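# Summary of the model geometry
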Amino acid sequence: MARKVVLLLWAQTLGLAGAQTTQLLVEPPWTPPVLWDWVTLTCQGSGTTGATTWYKDGQRWWLQGLDRVVVTESGTYQCDRPGTGLSPPVSILNAILVLQVPARALLEGDTVTLRCRSWQDKPVTWVSFYREEKQLQRSHERTELSLSPLRLQDSGRYRCRGWVETKVSQGWRESESVPVTVRVPVANATISPAALAHPVRAGDPVTLRCSVQVGSAPVTFTWLHNGHEVARGPLLELGDVHVGHSGTYQCVATNQLGQDGQRVFRALSPELALTVTPQGHWDRVAAGVAGSLLFLVLLVGVIVGWHRWHCLASRKHQERAPQEPPALPEEGEVLYTHVTMTKRMQGPTRTAPPQDTQVTYAELPGPHGRPRAPSDIYGNVLGH
């Protein structure tokens, strides 16, 4: 309950702070105002009461010090307050035909009536209403156009045209175009990330973002930590967090609509819990051990890589080097022998002429290429 009271008081304070601009209020509340309505202008803003400066058509007006004046001449009016500066201009018309729109914030879903009026409310007939170049309505007697419910696509510039009869003239007249802007209150404020998956360690950076699903500009954002305002803007950058950052966070989105600043809309996001755990001694020890292990792994990797590169380079060098001729055989070493045999004749025993046995000799060179002695010549003889 106490937190709700704190938030309510804070929201009221924010509403007052958000209205700190000079505004020129019009009575009756129609724009553009017309001279024959006896328009009253009220200057609203901060500063000492009665310290208002008035301007007409860009020149300082003779009425000074009054916060409220009744207009008797057409023209463009402004007022200045010491604490909040110059107000937006308000033009008072004295035209033959005028299209008027309610002087308030036009919100989506509202019912809005536009009216087409002739000078000093003289009769006007066959009135047509236009948005941009599209005709919306034409009537012999109706001088008002109702937009209900108001939609975003209804925004645009409107004008009216009709047959006006006065004592001095009659004919078709057309009004100046008037802007109609449909605005949307802020809604569905959210914080991203919506939740933190695990407690945040001290020293970690944390950034939160506030956004709204809908809302006409300008939208302002305010951050609350445990119900107290800590920052403004869509981003909350906590930097390297510490235990003092623990708690609940909310953001408040605000848009202030309307010339009088009375239609202020706010959207409060769900709470986001942030828990910061301190970084202890063993965490620092673990970080140091991890760093040492990483260094050792990198060192072993470098050594293994150098070893493999060295082996590969040696292998390539051996492949490129010329091969040495084979060594000469030593004395008494047999290189090879080759024997050719003669097969015996098959069949029944009978007397046959003797055949010579065929012997093939292989002479082996002696050491250093010299011929062997006759006694060193070997042979293999196969006989019958």
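First, a word on what this report is: a plain description of the structure on this page. (Residues numbered from 1 in each chain as written. Predicted model: local features only at pLDDT ≥ 70, side-chain atom pairs only at ≥ 80, totals over all residues. Heavy atoms only, no water.)

### Quick notes on the state of the cysteines
In plain terms, the rule: Cysteine sulfur atoms that pair up within 2.5 Å are treated as a disulfide. Elements are defined by DSSP. Helices are runs of H or I of four residues or more, strands are runs of E of two residues or more, and each kind is numbered from the N terminus. Per-residue accessibility, obtained with a 1.4 Å probe over protein chains only, is compared with the maximum for each type, and a residue is labelled buried under 20%, exposed over 50%, and partly exposed between these values.
Inspection of the entire model under this criterion finds three disulfides. Each sulfur of the disulfide joining Cys43 and Cys79 lies 2.1 Å from the other. A torsion of 85° about the S-S bond marks the disulfide between Cys43 and Cys79 as right-handed. Of this pair, Cys43 sits in strand S3 (residues 40-44) while Cys79 sits in strand S7 (residues 75-81), and the two are 36 residues apart along the sequence. Its relative accessible area of 0% is what places Cys79 among the buried residues. Across the disulfide from Cys210 sits Cys251; the S-S distance is 1.9 Å. Handedness of the Cys210-Cys251 disulfide follows from its S-S torsion of about 60°: it is right-handed. Taken together, the positions of Cys210 in strand S22 (residues 205-214) and Cys251 in strand S26 (residues 247-257) put the pair 41 residues apart, joining distant regions of the chain.

### Overview of the sheet that holds strand S2 (residues 30-31)
Two modes of strand pairing occur in sheets, parallel and antiparallel, and in both the strands are linked by backbone hydrogen bonds. Applied cut-off: One bridge is not enough; two strands pair if DSSP finds at least two bridges between them.
Taken together, four strands build an open sheet; the order of strands is S2-S10-S12-S15 and the sheet is antiparallel. Only two strands of the sheet have a single partner each, and these edge strands are S2 and strand S15 (144-147).

### With respect to a nonpolar patch on the surface
This is how the line gets drawn: To count toward a patch, a residue needs a relative accessible area over 30% and no salt bridge; like charges are then connected within 9 Å, while nonpolar side chains (Val, Leu, Ile, Met, Phe, Trp, Tyr) are connected within 5 Å. Accessible surface is estimated by sampling points in the Shrake-Rupley manner with a 1.4 Å probe; for residues, cover comes only from the protein chains shown. The term salt bridge refers to a pairing of a side-chain nitrogen on Lys or Arg with a carboxyl oxygen on Asp or Glu at a separation within 4 Å.
Residues Leu293, Phe295, Leu296, Leu299 and Ile303 make up a contiguous nonpolar surface patch of about 500 Å² in total accessible area. Along the chain, Ile303 falls in helix H2 (residues 281-320).

### Overview of the side chain of Thr40
Our working definition: The criterion used for residue contact is that any of the two residues' heavy atoms lie within 4.5 Å.
Examined against the element boundaries, Thr40 turns out to sit in strand S3. Setting aside anything within four residues of it in sequence, one finds Thr40 in contact with Leu25, Val26, Glu27, Arg68, Val69 and Val70.

### A few points about the packing of aromatic side chains
Here is the rule we go by: Put simply, two rings from Phe, Tyr or Trp (the six-membered ring, in Trp's case) pair if the centres are within 6.5 Å, and we call them stacked under 30 degrees between planes, edge-to-face over 60, tilted for the rest.
Using the criterion set out here, one finds two aromatic pairs in the structure. Here Trp61 and Tyr77 contribute two aromatic rings whose centre-to-centre distance is 5.1 Å and whose plane-to-plane angle is 65°, an arrangement assigned as edge-to-face. Of this pair, Trp61 sits in strand S5 (residues 59-64) while Tyr77 sits in strand S7, and the two are 16 residues apart along the sequence. Neither residue differs from the other here; Trp61 and Tyr77 are each classed as buried. Summarising the aromatic geometry, the rings of Trp163 and Trp172 are spaced 5.4 Å apart at their centres and angled 80° between planes, so their arrangement reads as edge-to-face.

### With respect to the sheet that holds strand S6 (residues 68-70)
For the record, the criterion: A fitted line through C-alpha atoms represents every axis, and for helices the fit uses only the stretch in contact; the resulting angles, taken between N-to-C directions, go from 0 to 180 degrees.
The three strands are arranged S1-S3-S6 in an open sheet whose pairing can be described as antiparallel. Unpaired on one side and paired on the other, strand S1 (23-27) and S6 mark the two borders of the sheet. Between one strand axis and the next, the sheet turns through 20° on average, direction left out of account.

### Digging into the pattern of salt bridges
This structure, assessed with the given rule, holds eleven salt bridges. Asp57 is paired through a salt bridge with Lys56; the nearest N and O atoms lie 3.1 Å apart. Residue Arg232 is joined to Glu229 by a salt bridge in which the shortest nitrogen-to-oxygen separation is 2.9 Å. Connected through salt bridges with shared partners, the residues Asp37, Arg117 and Asp121 form a single ionic network.

### What about the environment of Gly162?
Turning to its location among the elements, Gly162 is positioned in strand S16 (residues 156-165). Sequence separation between Gly162 and Val127 is 35 residues, and the spatial gap between their C-alpha atoms is 4.3 Å. Those residues within four positions of Gly162 in sequence are excluded, and the remaining contacts are Leu97, Val124, Thr125, Trp126, Val127, Gly171, Trp172 and Arg173.

### Looking at the pairing of strand S13 (residues 124-131)
Counting buried residues along S13, six of its eight residues qualify, which places the element largely inside the surrounding structure. Two strands pair when backbone bridges link them, and S13 and S16 are joined in this way by six bridges, in the antiparallel orientation. When the sheet's bridge partners are listed, Arg131 is paired in S16 with Tyr158. As paired elements, S13 and strand S14 (residues 134-139) share five bridges and run antiparallel to each other. Within S14, the position partnered with Arg131 by the bridge is Lys134.

### Things to note about the side chain of Gln137
Our working definition: Residues adjacent in sequence count toward polar contacts only when both atoms are side-chain atoms; beyond that, a polar contact is any pair of N or O atoms within 3.5 Å, and within protein one must be able to donate a hydrogen and the other to accept it.
With respect to the element layout, Gln137 can be found in strand S14. Note on Gln137: relative accessible area 15%, which makes it buried. At a separation of 3.1 Å, a polar atom in the side chain of Gln137 contacts the main-chain carbonyl oxygen of Glu144.

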